[in-house]
Amino acid sequence: MVLPVIKVEDKIIDDGLDKGMEKLTQDRIENVIDQVMSGETGARLKAYVETCVHCGLCSDACHAYLSRDRDPKFSPAGKVKRTMSVILKKGGKVTPAFIRDASEIASTECNACKRCAMYCPFGIDPAYIMLVVRRICHLCGVTPLYIQDTAHSHAVTQNQMWVKEDEWIDTLQWQEEDAREEMPNLRIPLDKEGADFMYSVIGPEPKFLAGLIYQAAYIFNVAGLNWTMPSFPGWDNSDMAMYTGDNEIMGRNKRFHFEAAQRLKVKRIVMGECGHAFRSVYDMGNRWLSWAMPPVPMVHAIEFYYELLTTGKIKVKEKYKKSVTLHDPCNVVRGRGLHEKARYVINELCEDFREMHPNREHNYCCNAGGGVINCGPPFKNKRVANNRVKAKQCADTGAEILITPCHNCHSGMEDIVLGYKLDMHVKFISDIMYEVMEKPEIG
Amino acid sequence: MVDSVNWDWTTGEKLVSDINEWKASYNWVEEPYASPDGEKVAAIVNTDEAEFNVCENGKAWEIEAPFEKAWCLRFSPDGRLTVIASMDSAWTVVADGEPWEESYDFVWDMRFSEDGKTIAAAAQQEGEYMMVKDGVPWENSFGFITCMALSPGGENTAATVQTVPLGQAEVFKFQKGCYTAAVNGDAWDKNFVNVWNMSFSPDGSKLAAEVRLNLYDYTIVVDGQPWEQTFGCVWEPIFHPEKGTVVSPVRTAEGWTIAEDGNIIWDSRFAQVWHQKISPDGNKLAAIVATEFGRWTVAVDGKAWGVTFGDMVTDAVFSPDSSRVACIGTENQIYKIVVDGKVWNSEFDMIWKPVFSPDSKDVIVKIEKDGKRTFALNNKIWNRMCDEVWDPVFSPDGSKILCRTVEDGKYYRRIVPVSEF
Ligand code: SF4
Ligand code: SF4
Ligand code: SF4
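Bear in mind that the values here come from a model prediction, so they are computed numbers and not experimental data.

Structural notes on the sheet that holds strand 7 (residues 401-403) of chain A
Residues and elements named next belong to chain A.
Inference 1: The strand order 6-5-7-8 describes an open sheet built from four strands, whose pairing is parallel. The open sheet is flanked by strand 6 (350-354) and strand 8 (425-427), the only strands paired with a single partner. For this sheet the average axis-to-axis angle between neighbouring strands, irrespective of direction, equals 35°.
Inference 2: Bridge count for strand 5 (residues 320-326) against strand 6 is four bridges, and the pairing is parallel.

Things to note about the environment of A217(A)
Residues and elements named next belong to chain A.
Inference 1: Mapped onto the secondary structure, A217 falls in helix 12 (residues 210-222).
Inference 2: For A217 and T41, which are 176 residues apart along the polypeptide, the C-alpha to C-alpha distance reads 43 Å.
Inference 3: Each residue touching A217, except ones within four places of it in the same chain, is listed here: L186, I188 and W227.

A short note on the site of ligand 1
Inference 1: As a structural note, the neighbourhood of ligand 1 is formed by C62(A), H63(A), P76(A), K79(A), C110(A), N111(A), A112(A), C113(A), K114(A), C116(A) and A127(A).
Inference 2: Of the residues in the shell around ligand 1, the class split is seven nonpolar, two polar and two charged.

Quick look at the site of ligand 2
Inference 1: Residues in contact with ligand 2, as listed here, are C52(A), V53(A), H54(A), C55(A), G56(A), L57(A), C58(A), A77(A), C120(A), P121(A), F122(A) and I124(A).
Inference 2: Classifying every residue of the shell around ligand 2 by side-chain character gives ten nonpolar, two polar and no charged.

Considering the packing of aromatic side chains
Inference 1: Counted according to the given criterion, the structure contains 35 aromatic pairs over all chains.
Inference 2: Where W168(A) meets W235(A), the ring centres are 3.8 Å apart and the plane angle is 5°; that geometry is what we call stacked. You can see W168(A) sitting in helix 10 (residues 165-179) and its partner W235(A) sitting in the loop between strand 2 (227-228) and helix 13 (241-244), a full 67 residues away along the chain.
Inference 3: We classify W168(A) as buried; its relative accessible area is 0%.
Inference 4: The exposure class of W235(A) is buried, given its relative accessible area of 3%.
Inference 5: Their ring planes at 55° and their centres at 5.8 Å tell us that W235(B) and W274(B) sit as a pair that is tilted.

Description of the interface of chain A and chain B
Inference 1: Across the boundary between the two partners, chain A contributes 57 residues, which contact 65 residues of chain B.
Inference 2: A buried area of about 5000 Å², summed over both sides, lies between chain A and chain B, and 56% of it is on carbon and sulfur atoms.
Inference 3: Of all residues in chain A, R252(A), R255(A) and K265(A) give up the largest surface area on contact with chain B, accounting jointly for 14% of the area buried on that side.
Inference 4: Linking chain A to chain B there are nine salt bridges.

Details of the nonpolar core
Residue and element names in this part refer to chain A.
Inference 1: Core analysis: the biggest nonpolar cluster contains 221 residues, and M84, I99 and I136 have the highest contact counts within it.
Inference 2: With eleven residues, the top contributor of residues to this core is helix 8 (residues 126-140).
Inference 3: Counting residues in hydrophobic clusters, the runner-up holds 25 residues, among them C409, M413, L422 and V426.

Let's talk about the packing of helix 1 (residues 15-23) of chain A against helix 7 (residues 96-108) of chain A
Residues and elements named next belong to chain A.
Inference 1: At a minimum axis distance of 9 Å, the contact between helix 1 and helix 7 shows a crossing angle of 155°. The orientation of helix 1 with respect to helix 7, classified from their angle, is roughly antiparallel. Crossing geometry of helix 1 relative to helix 7 is assigned as right-handed. Each of L17, D18 and M21 in helix 1 lies in contact with helix 7, whose residues at this interface are P96, A97, R100, S103 and E104.

Re the environment of Q35(A)
Residue and element names in this part refer to chain A.
Inference 1: With respect to the helices, strands and loops of the structure, Q35 is situated in helix 2 (residues 26-40).
Inference 2: Residue Q35 is classed as partly exposed on the basis of its relative accessible area, which comes to 37%.
Inference 3: Spatially, the C-alpha atoms of Q35 and L422 are 47 Å apart, while their sequence positions differ by 387 residues.
Inference 4: Ignoring any residue separated from it by four or fewer positions in sequence, one finds Q35 in contact with E40, R135 and L139.

Describing the side chain of R414(B)
Residues and elements named next belong to chain B.
Inference 1: Mapped onto the secondary structure, R414 falls in strand 44 (residues 410-417).
Inference 2: Judged by relative accessible area, which is 4%, R414 ranks as buried.
Inference 3: A distance of 2.6 Å separates the side chain of R414 from the side chain of E13, its partner in a polar contact.
Inference 4: Within the local environment of R414, its side chain forms a polar contact with the side chain of E407, the two groups lying 2.9 Å apart.
Inference 5: Ignoring any residue separated from it by four or fewer positions in sequence, one finds R414 in contact with G12, E13, W382, R384, I401, L402, C403, T405 and E407.

Cut-offs applied
Residues numbered from 1 in each chain as written. Chains lettered and ligands numbered in written order. Predicted model: local features only at pLDDT ≥ 70, side-chain atom pairs only at ≥ 80, totals over all residues. Heavy atoms only, no water. Pairing = 2+ DSSP bridges. Helix = DSSP H or I, 4+ residues; strand = E, 2+ residues; numbered from the N terminus. Axes fitted to C-alpha atoms, helices over the stretch in contact; angles between N-to-C directions. Contact = heavy atoms within 4.5 Å. Near = heavy atom within 4 Å. Nonpolar A, V, L, I, M, F, W, Y, C, P; charged D, E, K, R; others polar. Phe/Tyr/Trp six-rings, centres within 6.5 Å; stacked < 30°, edge-to-face > 60°. Buried < 20%, exposed > 50% of the residue type's maximum accessible area, 1.4 Å probe, protein only. Buried area = accessible area lost by both parts, 1.4 Å probe. Salt bridge = Lys/Arg side-chain N within 4 Å of Asp/Glu carboxyl O. Core = buried A, V, L, I, M, F, W, Y, C linked by side-chain atoms within 4.5 Å. Parallel < 35°, antiparallel > 145°, perpendicular 65-115°, else oblique. Left-handed = near helix turned anticlockwise from the far one by under 90°. Polar contact = N/O pair within 3.5 Å; in protein donor to acceptor, adjacent residues only side chain to side chain.

Structural data, given as structure tokens:
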């Protein structure tokens, strides 16, 4: 199949970057870099950058490099060379224009997906370096506009989408009411102290995809589970502050999240199908607060569906007929090793599962993750163009349905499907589970 | 605080209501709540399609028309049964079957004063936000409200409010400060980038909050005035009950510690400090701390206990005589009680906040083990395993414990002598 060519603008205008750069002074840049190098990172970062021998073994790992005709500037080492290497070489004496470009590179050309890190013989993690670059840019006040706005939303509301407290509760009650047409005694129990688990979602669910909450509630009610959702902030597990480098807001959000669970006295938190949120609750956010592991165990939806199917709490009435393929989300596959469970679940639910290649922990990133899609419309063409290799990977499966158990992947893959005119539809696992499960008779 | 002197401390066992029987009268019965004195048990019940009521000791409230929706059923500390309910598509608070006069497009975050006499909630009316205290809304409303607070004595309400409207992605306007706190609807005259976690002084006359001055500098504000010092991060401020000073965890370059009115008062630095508590006599300060990455405990006056936990430490509480501290420590998802740095050997699947006896000698907790709930007193588990129990209450003389339980679906009120455990 011949894929259409996506044109990328030569110069992308973004107020967050451009106006941020105008306000930035040389002094501030040097202070920030000194603060980060001496107080926050230093040794690990220097070792990474100094150890890199530019062998290029990681280049083929990066979807951006592969998708942009192997242009070395999109290779992992190339992105480091254009950002952190210069900062180190110049001892932090870089210009506001440099910081602007570094921010664009780190925030929109790298997904911090860590695929490259798997192939580096020295164990260098370019994703880590890109996140340090973002941290420096955050402290310089130069971050792409839309993701900065999202970080502000996290700071004010503790959710990603400026969802107000009443809107959240109202949405849950409205989904509960709708679902009662299908299951008259269905409940979305709010603030039920001592329930077995708290279900947490990401901000876009109440905002745009409330049907997913309906589906989850339906599945949990059919399975007869003792669960709850908080009526108060802390319900959103997502985290764009983690990706803008605003670690303080990242930590604050995770504190809200875990303390919601502690207050509700639940034994674990089950989260919806999201990749980056998993990284935030399982790795970065909790650790910033000094919780080495999530203080209340986190169970990703894939693991939970696996549990529901293997224990027989959810039974399949008739398997899904259409051919499906799976996009393995980096954060739950490389970050948590859920690939085999995902395959078990999909094979239980679907008749015709087709692998894309490469797959499992070797899967290419969707190029939406790591906050890239959250940088918004200005960078959309670049994002789609930078993942031509993913489009090809999907097209080669010939599947009708593309399953992505991750929100950012989901939206990113929809753009890829549309941009490259692929004949497929993107779905979450829960869409299919809800469709094929045994449902109780109403009556 | 609520005075329990007049409660029945003599009747050993009372079967208050058989909740199983309620189930025959309703389509469903939601999770039950017990009154503080244990004499009542209640639940939201579904009476018909989209029709709800509250059932108390087996009897439904006599209300003019069923509620269209009802949630957040709670007993106030003084024993009033309270729920947030909607009637004719409008929401209000209903206490003992009596709704507030005014209703709103939405009501949430119901809270009580310590004596239970005052009820407050957040409300939204036509997209405008305010707090409502005992049915009386703020005169001013705002485009956004969060972090609601009610003073312990019920005198005043406060919340973070938005005072400058923000369009989509107006990040630079946001960074100039669009939020502040409002007390009884009156906003402070200074705006901040963010305002979180407010706390009233014990008499309700002063308000402290965490703020972010720009994207990077954090501090504490008291009645609108920020501390001179700024920090890399701060957590919830509290007022010193005796001195009237404000005490908060703050993050310095060397680590987390405690500051009072902006000045650091602990010599020690930790990987984390939060949930600080001042002893009832005002002489000690305890907080939950991480002594190093991933190791949690309690520190009293900056000195950490020797025992640490890997998952978390929660629910630290001082004894009434200020001499002791109890908390919950979790390691590998096993929950344990720690009192004064010593760990009880019993292991649980869940533990609720420890409760000290009035003389500070005994500690009792609500626990869960193997799917059953009961109490553990001074490391001894009660012999009765229940479907549900509520926080235990000591009699004023400390010799007896009020145990509120559900066993085989029946709700019991029991008075158990401490010696019987
Ligand atoms: S996008 Fe992924 S593979 Fe490419 S440089 Fe970033 S972390 Fe490495
Ligand atoms: S594989 Fe490692 S050493 Fe080689 S270019 Fe990539 S990061 Fe550098
Ligand atoms: S959005 Fe999905 S695939 Fe993409 S980085 Fe996240 S987890 Fe990876």
